[in-house]
Amino acid sequence: MPRLLLSALLISASAFGGEKVEVLRDQFGIPHIYARTAAGAAFGSGYAQAADRGAQLLENLKTASASPTPAPLSVEMRAIVQAYCAGIEAYLAETGRAERVEPSMVQAFSRAAFGLFADSNDILIAPSRSRDKTPIAILAPIGAWSGASRLYSLDLNISGSPEGRDGFEFAGALPVGVPFPLLGHSATVAIAAHGQGPAGDRALDEAWDLIASKNVEAAKHALTMGQFPAQKFLIADAEGAIYDSHSHVANPPEGILTTGGGAPQAAAMTRELIGSARTFSLESAESLALATDVYKAETWQLRIAHLGLDSEFVRMLTGWSRRADAGSRGALAFYLFKMALDESSSALEPPASLSDDRVRAAVRKAQDRLETEFPVDAGWGALFRTIRDGARRSWPVSGGTVIAAGMATPLAIAFEQPGTRMLARGGLAMLEVVEFSKPVRSVIMTPFGESDSPESPHFDDQARELFSRSSAAPSWFADRKNLEKHSKDRRELTFP
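Bear in mind that the values here come from a model prediction, so they are computed numbers and not experimental data. Sequence positions are assigned chain by chain, starting from 1 and proceeding in written order. Per-residue local features of the predicted model are confined to residues with pLDDT of at least 70, and side-chain atom pairs are confined, for both listing and counting, to 80 or more; whole-chain, interface and lining totals are unaffected and use all residues. The side-chain quantities take in all heavy atoms of the structure and omit both hydrogens and water.

Draft legend 1. Region of the structure containing the sheet that holds strand β11 (residues 232-237). A strand pair is defined by DSSP finding two or more bridges across the two strands. Strands here are runs of E lasting at least two residues and helices are runs of H or I lasting at least four, both read from the DSSP assignment and numbered beginning at the N terminus. On the basis of which strands lie adjacent, the open sheet formed by ten strands has the order β13-β12-β11-β10-β9-β8-β7-β2-β1-β22 and mixed pairing. Strand pairing shows two members of the sheet lacking a second neighbour, β13 (249-250) and β22 (489-495), which therefore form its edges. Where strand β2 (residues 31-35) and strand β7 (residues 151-158) come together, four bridges link them in parallel fashion. Considered in β7, the bridge of histidine 32 is made with aspartate 155. Each of β1 (19-25), β2, β7, β8 (168-175) and β22 is contacted by helix α2 (residues 38-63), which is oriented at about 155 degrees to β7, the strand it contacts most. When checking whether two residues touch, look at their non-hydrogen atoms; a contact exists if any pair is within 4.5 Å. Comment: axis = line fitted to C-alpha atoms, over the contacting stretch for helices; angle = value between 0 and 180 degrees taken between N-to-C directions. Strand contacts of helix α6 (residues 216-223): β11 and β12 (242-244), with the helix running at about 155 degrees to β11, the strand carrying the most contacts.

Draft legend 2. Broad picture of the sheet that holds strand β4 (residues 123-125). Reading across the sheet, the six strands line up as β14-β4-β5-β19-β20-β21 and stay open at both edges, with antiparallel pairing between neighbours. Every interior strand has two partners, whereas the edge strands, β14 (256-258) and β21 (473-474), have only one. Bridging between strand β20 (residues 441-445) and β21 involves two bridges; their strand directions are antiparallel. Across the sheet, residue isoleucine 444 finds its bridge partner in β21, namely alanine 473.

Draft legend 3. Geometry of the environment of alanine 424. Along the polypeptide, alanine 424 turns up in strand β18 (residues 422-428). Separated by 37 residues in sequence, alanine 424 and isoleucine 387 have C-alpha atoms that sit 7.4 Å apart. Leaving out residues up to four positions away in the same chain, alanine 424 has contacts with Trp145, Arg385, Thr386, Ile413, Ala414 and Phe415.

Draft legend 4. Region of the structure containing the packing of helix α11 (residues 329-339) against helix α12 (residues 356-373). Interaxial distance between α11 and α12 falls to 8 Å at its minimum, and their mutual angle equals 130 degrees. Viewed along their axes, α11 and α12 adopt a mutual orientation that is oblique. Both α11 and α12 take part in a crossing whose hand is right-handed. Two secondary-structure elements touch here, α11 through Arg329, Leu332, Ala333, Leu336 and Phe337 and α12 through Val359, Ala362, Val363, Ala366, Arg369 and Leu370. As a working rule, the residues Ala, Val, Leu, Ile, Met, Phe, Trp, Tyr, Cys and Pro are called nonpolar, Asp, Glu, Lys and Arg charged, and the rest polar, with Gly in that last group. Of the residues in the contact of α11 with α12, the class split is nine nonpolar, no polar and two charged. For classification, angles of less than 35 degrees are called roughly parallel, those exceeding 145 degrees roughly antiparallel, those between 65 and 115 degrees roughly perpendicular, and all remaining angles oblique. What makes a crossing left-handed is the near helix being turned counterclockwise from the far one by less than a right angle; a clockwise turn instead makes it right-handed.

Draft legend 5. Representation of the pattern of salt bridges within the structure. A side-chain nitrogen of Lys or Arg and a carboxyl oxygen of Asp or Glu constitute a salt bridge if their distance falls within 4 Å. Under the criterion given, the structure shown has 31 salt bridges. Arginine 464 is paired through a salt bridge with aspartate 460; the nearest N and O atoms lie 4.0 Å apart. Note on classification: 1.4 Å probe, protein chains only; a residue is buried when its accessible area is under 20% of the maximum for its type, exposed when over 50%, partly exposed between these limits. Judged by relative accessible area, which is 30%, arginine 464 ranks as partly exposed. Taken together, the salt bridges that share partners define one network made up of Glu22, Arg480, Glu484 and Arg490.

Draft legend 6. A look at the pairing of β18. Along β18, six of the seven residues are buried, which leaves the element largely enclosed by surrounding structure. Summarising the sheet, strand β6 (residues 141-144) and β18 pair through three bridges and their orientation is antiparallel. Its bridge partner lying in β18, alanine 144 is registered against glycine 426. Both strand β17 (residues 413-416) and β18 contribute to a ladder of four bridges, which runs antiparallel. In the sheet register, isoleucine 413 faces β18, and the bridge partner there is glycine 427.

Draft legend 7. Seen up close, helix α7 (residues 264-276). Here the expected span of a helix is defined as 1.5 Å times the quantity of residues minus one. Its 13 residues give α7 an end-to-end C-alpha distance of 19 Å, which sits within 8% of 18 Å, the value for a rise of 1.5 Å per residue. Taken together, the buried positions of α7 are Ala266, Ala267, Ala268, Met269, Thr270, Leu273 and Ile274. Looking at the packing, one finds that the buried side of α7 touches β4, β14 and α8 (282-289).

Draft legend 8. Representation of the side chain of serine 442. For serine 442, the position within the fold is in strand β20. A residue is classified by how much of its surface remains accessible, and serine 442, at 7% relative accessible area, is buried. At 3.0 Å, the side chain of serine 442 forms a polar contact with the side chain of histidine 185. For serine 442, the side chain forms a polar contact with the side chain of serine 475, separated by 2.4 Å. Those residues in contact with serine 442, other than ones at most four positions away along the chain, are His185, Val433, Val434, Ala473, Pro474, Ser475 and Phe477. Definition of a polar contact: a pair of N or O atoms within 3.5 Å, with one able to donate and the other able to accept a hydrogen when the atoms are protein atoms, and with sequence-neighbouring residues admitted only if both atoms are side-chain atoms.

Draft legend 9. Local environment of the nonpolar core. The term nonpolar core refers to a set of buried residues drawn from Ala, Val, Leu, Ile, Met, Phe, Trp, Tyr and Cys, joined through side-chain atoms within 4.5 Å. The biggest cluster of nonpolar side chains holds 72 residues, and the ones touching the most others in it are Ile138, Phe334, Tyr335, Phe337, Phe384, Val402 and Leu431. Residue contributions to this core peak at seven residues, all from α11. Apart from residues no more than four positions distant in its own chain, valine 402 is found in contact with Tyr335, Trp380, Phe384, Met407, Phe415 and Met422. Leu61, Met77, Val106 and Leu223 belong to the second largest nonpolar core, which has 71 residues in total.

Draft legend 10. Representation of the packing of aromatic side chains in the model. Planes of paired rings set the category: under 30 degrees apart is stacked, over 60 is edge-to-face and the rest tilted, where pairs are Phe, Tyr or Trp rings (Trp by its six-membered ring) whose centres lie within 6.5 Å. All chains considered together, the criterion is met by 17 aromatic pairs. Centre to centre, the rings of tyrosine 47 and tyrosine 91 are 5.4 Å apart; their planes meet at 90 degrees, and the pair counts as edge-to-face. Pair noted here: tyrosine 47 is in helix α2 and tyrosine 91 is in helix α3 (residues 75-94), with a separation of 44 residues, a long-range link. Tyrosine 47 sits in the buried class, given a relative accessible area of 6%. Summarising the aromatic geometry, the rings of phenylalanine 384 and phenylalanine 415 are spaced 5.0 Å apart at their centres and angled 70 degrees between planes, so their arrangement reads as edge-to-face. Highlighted residues: phenylalanine 384 in strand β15 (residues 384-386) and phenylalanine 415 in strand β17, separated in sequence by 31 residues. Pair check on accessibility: phenylalanine 384 and phenylalanine 415 agree, each one buried. Each member of the aromatic cluster is reached from another via a ring pair, and the members are Phe114, Phe117, Phe228 and Phe233. For a Lys NZ or an Arg CZ to count as sitting over a ring, it must be within 6 Å of the ring centre and within 35 degrees of the ring normal. Here the basic side chain of lysine 220 rests over the ring of tyrosine 243, its NZ or CZ set 4.7 Å away from the ring centre. Arginine 480 extends its terminal NZ or CZ atom over the ring of tyrosine 34, reaching a point 4.4 Å from the ring centre.

Below, the structure written as C-alpha cells:
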C-alpha cells in the first residue's frame, strides 16, 4: 500500500473529536475491530489483547530485548504503535492497573515475533488446481500452544479517511505484543511465514507494508526492506499468483507451493494427498490441512492380513480407514498394536526381520488392552486429548505425531504423556484457509481459545468445538451482517 495512503489512514483522530472504534466478538470471542484509521484499529487491538491475554502480553513486552540504538520507525508506524500502547493502557486502567507500556517495548518484541513461527505446513493452491479456478491459501504455522508463541486471532477493518481513500481489512493471527496480524489474509493477498531468527528494528514497518499489499508483486516489493533475513514467506493473491520468497519460485506448473513442514512422515502424507486430488475447494483444502491419514498404515494392514487370522479385532484393524479421527476405534487399536511390537513399534513400515509370531503376539496384546483398559465405545480421542492448565476437563483430539508408535498425520499435533493419557501440547498453532472467490471465503481456528482467563467462555471453547471435531469456523471476513448475528459481545471505544 503506498505511503500516501497509509498516511491518510493514520490521520489524527483528534480531527474527528475522538474516533469511534468498535470491537465485535464472534461466537468464539475473536475480536473484529472496526475503525476509520489504522491508529484507531491499533488502539482497539491493544485493548482487546490486554482484555484477553493481559499477563502474557505484558510478559512478552517486558522480556523483549531492545537494540542499543534501534533504527527509528516510520512516522506512520510510530502512530500505530503509540495508539496500540494507548489501547493496552486503557484496558489496564479500567481494571485498576496503571502500567506504562512504551513503544520501544513493542518495537523490541516485534524483532522476535516472526521468529516464533519456526515451522509451518503452509500450502498455496493456484487457480489451475482449484475447482472454481480461484486461488486458495492454507496458512498453518506450527509451534507451542503456550507461552510467547501462542497465537491470537484478530480481524482489523479500517474504513479509510474522510477524504474517501480506501481502507482495508486483514484477518489473521499474531503473538500478543504486536499491533496487527503478521499472518493471514486481506481481500486480495494471503501471507504465510516461518523461520527462526531475529528480525530488524523496522520489522513492523515491513510487516505492515506486507499485509497491506494488494498483490504478490507489491508484497515482493515490501520484502525488499530486508527486515526478515531468516524468514521464508509464501504469498498468494486474488489474481492467481503464488510465490515462495525463499526459493523465489513463482507460479509452478503443478500449481502447488508448500513448505512441507512438521514431521517428515507427515509432510510425505500431505504430498500423497495433494497428488491424489485433481482439484481443491475451500472445504477440501480445509480437509487437507486437518487430514488425519496415518502415513504408511496400509503396509501394516497388509502385514496383519498376511497372517490369515479371522476375528472381529483383526477385521477392525485391516478394515480401518487409516485415519486417526477422535472417534475411531480402529485408530486406537492400531496404536495399541504398534506399541505392542516393542523394538519395532516406531517403524513406519514392517521391517523384514519382523516374524509372524511377533505380529500375532502384538495383535493378541493389543486386543487384550483394548478390551480391558478402554470402554467399548472408546476411540483415538479416549487416549489422545488436550487440556489447558487451569481447565476443568480435557477434550479429545484427532491426528498427530506419535514417534514411539511410528504414526504421523498431516494434522500436526505433538503429545506428552504425563500420566495415563497422551496430552497435546503443541503442533498446529493456527489454521486459516482462504479462497479468493467473490466474495472471499475463509475459515480459522487456534488451539484452546482466545482468552487466558479460566472464567471466560472462550478459555478452551475452540478445543471443545473445533479441535475435537477437526473443523475450523467461518471467519466472517468482510461479512459484518452475519458476524453481528453470531456476535456475543460488542464494545464501543473512543480513541482519543
